[in-house]
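Examination of the molecular architecture
So you can see what is in the structure, the chains are spelled out below.
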Amino acid sequence: MDRQQEHVLRVVEERDIRFLQLWFTDVTGTLKSVAIAPAELEAAFNEGIGFDGSSIEGLARVSEADMIARPDPSTFQILPWRAAEQGTARMFCDILTPDLELARHEPRSVLKRALDRAASMGFTFYTHPEIEFYLFEGEAARRGELIPVDNAGYFDHISRGAAADLRRDAIRALEQMGISVEYSHHEAGPGQNEIDLRLADALSTADNIMTFRMVVAEVAGESDLHASFMPKPLIDQPGNGMHMHLSLFEGDRNVFFDPGAEFQLSTTARRFIAGLLAHAGEITAITNQHVNSYKRLWGGGEAPSFVCWGHNNRSALVRVPLYKPDKAGSARVEYRSLDSSANPYLALSVILAAGLAGIENELELPPGADDNVWELSETERRAAGYMPLPSSLQQALEFMEQSELVAETLGEEVFDHVIRNKRNEWQEYRGQVTPFELKRFLPGL
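Keep in mind it's a predicted model, so treat the numbers as computed, not measured. (Residues numbered from 1 in each chain as written. Predicted model: local features only at pLDDT ≥ 70, side-chain atom pairs only at ≥ 80, totals over all residues. Heavy atoms only, no water.)

This part is about the overall build of the protein chain. Scanning the protein chain from terminus to terminus reveals 15 helices and 18 strands. Taken over C-alpha atoms, the radius of gyration comes to 22 Å for the protein chain, in line with the 22 Å a tight globule of 445 residues would show. Seen through its principal axes, the protein chain has C-alpha atoms that stretch 65 × 55 × 50 Å. The 445 residues of the protein chain split such that 55% are buried. Nonlocal contacts in the protein chain, meaning residues at least 24 apart in sequence, comprise 71% of its contacts between residues at least 6 apart. (Helix = DSSP H or I, 4+ residues; strand = E, 2+ residues; numbered from the N terminus. Rg over C-alpha atoms; globule rule 2.2 N^0.38 Å. Buried < 20%, exposed > 50% of the residue type's maximum accessible area, 1.4 Å probe, protein only. Contact = heavy atoms within 4.5 Å.)

Structure, rendered in structure tokens:
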């Protein structure tokens with residue numbers, strides 16, 4: 001037994017932890033959990049907990065149903081919203097096959113493989129997400145009616161508002177769990193909020209995003225509010241994005257930083273961005289996985305719709321911020337299409353793979369976009385080479401099906417399951433008769 005496992009066992013005893021939740025995700029990014037008693041923890045570390053993988057979305061075929069969840073002691077945290085009750089803690093799990101090999105078709109292991117590939121090139125991948133969500137009145141939401149908790153806008157200060165209270169309580173809970181928060185504020189939509197997590201290695205970021213969603217949902221529920229990470233819940237308001245800041249390090253050196261280059265952007269960074277642009281269409285079914293995601297991408301509100309990059313250009317798919325010039329550790333690029341409902345393990349895997357492909361193939365970065373891309377005419381965008389992102393889940397799947405990069409990054413099992421799952425979602429969506437159609441056509445047809 002290693003030191004981390006011994007530490008967890010000691011804390012469980014000292015803090016009188018009665019329940020241990022073991023967490024992992026399915027291919028769609030839905031959090032799964034099984035609870036064990038403290039007496040079972042040592043065996044869980046050594047042997048794992050067996051379960052039926054075929055009952056989890058995309059995890060295993062019926063013929064390969066036996067799976068093992070083994071807790072990662074480095075992710076142990078006590079759940080603060082259970083503090084008043086008997087102590088409860090959580091750990092994320094590695095999912096193993098019966099011969100104790102990492103399951104290739106589990107999202108966390110997909111990201112670990114992508115990070116191993118980056119490490120083989122000498123890189124560590126760091127990320128920093130800006131996570132947006134809406135807050136609605138709970139009782140109304142249960143009736144299917146979306147009533148925002150306020151009518152405030154971007155950066156508005158409401159000292160006694162429900163949104164400010166929730167952000168404060170959620171941040172307190174996150175920090176009690178060791179998840180550092182950088183900023184929080186009211187976003188542009190009514191009842192819309194943003195909380196930004198601090199820079200962390202990509203695996204920690206993905207774990208933190210899953211924890212973040214749970215924390216926000218728990219804190220909202222305590223006040224009879226409903227927190228929604230749906231990409232576009234309101235027709236005439238901005239969607240929920242999850243802008244992701246990206247950087248590569250070699251040891252302690254940020255390889256995206258070059259003090260003498262334009263925008264202080266190194267050749268490695270420029271090739272990384274070129275890879276993101278070259279493969280943007282292929283990875284969009286992963287970064288924007290729902291039919292509703294495309295209502296956000298093509299619904300305005302600073303959501304990117306075209307494949308281009310720019311310095312401090314919020315209409316571009318990839319933005320190069322320059323908040324802290326001459327500070328090497330702050331050099332980064334921002335990928336803006338990702339939405340708050342994405343599976344963070346798979347999304348970070350394909351984003352990293354696209355950027356690394358740009359480095360490996362020494363792709364040349366095209367000229368940046370200086371104008372608001374939304375305000376350009378179609379002819380102007382075409383002349384500048386700004387190709388559109390997929391406009392629907394169906395189109396995104398068509399791009400993804402042809403992608404060797406995505407297939408190789410996800411692995412055959414995950415790749416095939418995502419295609420099947422999302423084709424089914426598209427078919428179900430396409431068969432719906434919407435309120436828009438009834439209002440538009442029923443009176444006259």
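Bringing the side chain of Thr 127 into the picture now. Here Thr 127 shows up in strand 7 (residues 124-137). Here Thr 127 falls in the buried class, since its relative accessible area comes to 0%. A polar contact of 2.7 Å, which involves the side chain of Thr 127, links it to the side chain of Thr 205. If sequence neighbours within four positions are ignored, Thr 127 has contacts with Arg 198, Leu 199, Ala 200, Asp 201, Ala 202, Thr 205, Met 244, His 245, Leu 246 and Leu 348. (Polar contact = N/O pair within 3.5 Å; in protein donor to acceptor, adjacent residues only side chain to side chain.)

Using the criterion set out here, one finds 19 salt bridges in the structure. Across the pair Asp 72 and Arg 108 runs a salt bridge whose closest N-O atoms are separated by 3.3 Å. Note that Asp 72 is positioned in the loop between strand 4 (66-71) and strand 5 (77-78) and Arg 108 in helix 3 (residues 107-120), a separation of 36 residues in sequence. Salt-bridge contacts for Glu 401 lead to Arg 423; the nearest nitrogen and oxygen are separated by 2.0 Å. Of this pair, Glu 401 sits in helix 12 (residues 393-401) while Arg 423 is found in helix 14 (residues 412-430), placing the two residues 22 residues apart along the sequence. Residue classification places Glu 401 among the partly exposed residues on the basis of a relative accessible area of 31%. Overlapping salt bridges, with partners in common, bring together Asp 72, Asp 94, Arg 108, Lys 112 and Asp 207 in one network. (Salt bridge = Lys/Arg side-chain N within 4 Å of Asp/Glu carboxyl O.)

Let us now look at the packing of helix 8 (residues 280-287) against helix 12. Remark: helix 8 packs on helix 12, axes separated minimally by 7 Å, with the N-to-C direction vectors making an angle of 120 degrees. Relative to helix 12, the element helix 8 lies oblique. As for how helix 8 packs across helix 12, the hand of that crossing is left-handed. Along its contact with helix 8, which presents Gly 281, Glu 282, Thr 284, Ala 285 and Ile 286, the element helix 12 presents Ala 396, Leu 397, Phe 399 and Met 400. Classifying every residue of the contact of helix 8 with helix 12 by side-chain character gives six nonpolar, two polar and one charged. (Axes fitted to C-alpha atoms, helices over the stretch in contact; angles between N-to-C directions. Parallel < 35°, antiparallel > 145°, perpendicular 65-115°, else oblique. Left-handed = near helix turned anticlockwise from the far one by under 90°. Nonpolar A, V, L, I, M, F, W, Y, C, P; charged D, E, K, R; others polar.)

A few words now on the packing of helix 3 against helix 10 (residues 344-360). Where helix 3 meets helix 10, the axes come as close as 8 Å, and the angle between the chain directions of the two elements is 20 degrees. Between helix 3 and helix 10, the crossing angle belongs to the class labelled roughly parallel. Seen from above, helix 3 lies across helix 10 with left-handed handedness. Here helix 3 contributes Pro 107, Arg 108, Val 110, Leu 111, Ala 114, Leu 115, Arg 117 and Ala 118 to the contact with helix 10, which in turn contributes Tyr 345, Leu 346, Leu 348, Ser 349, Leu 352, Ala 353, Leu 356 and Glu 360. Taken together, the residues of the contact of helix 3 with helix 10 break down into twelve nonpolar, one polar and three charged.

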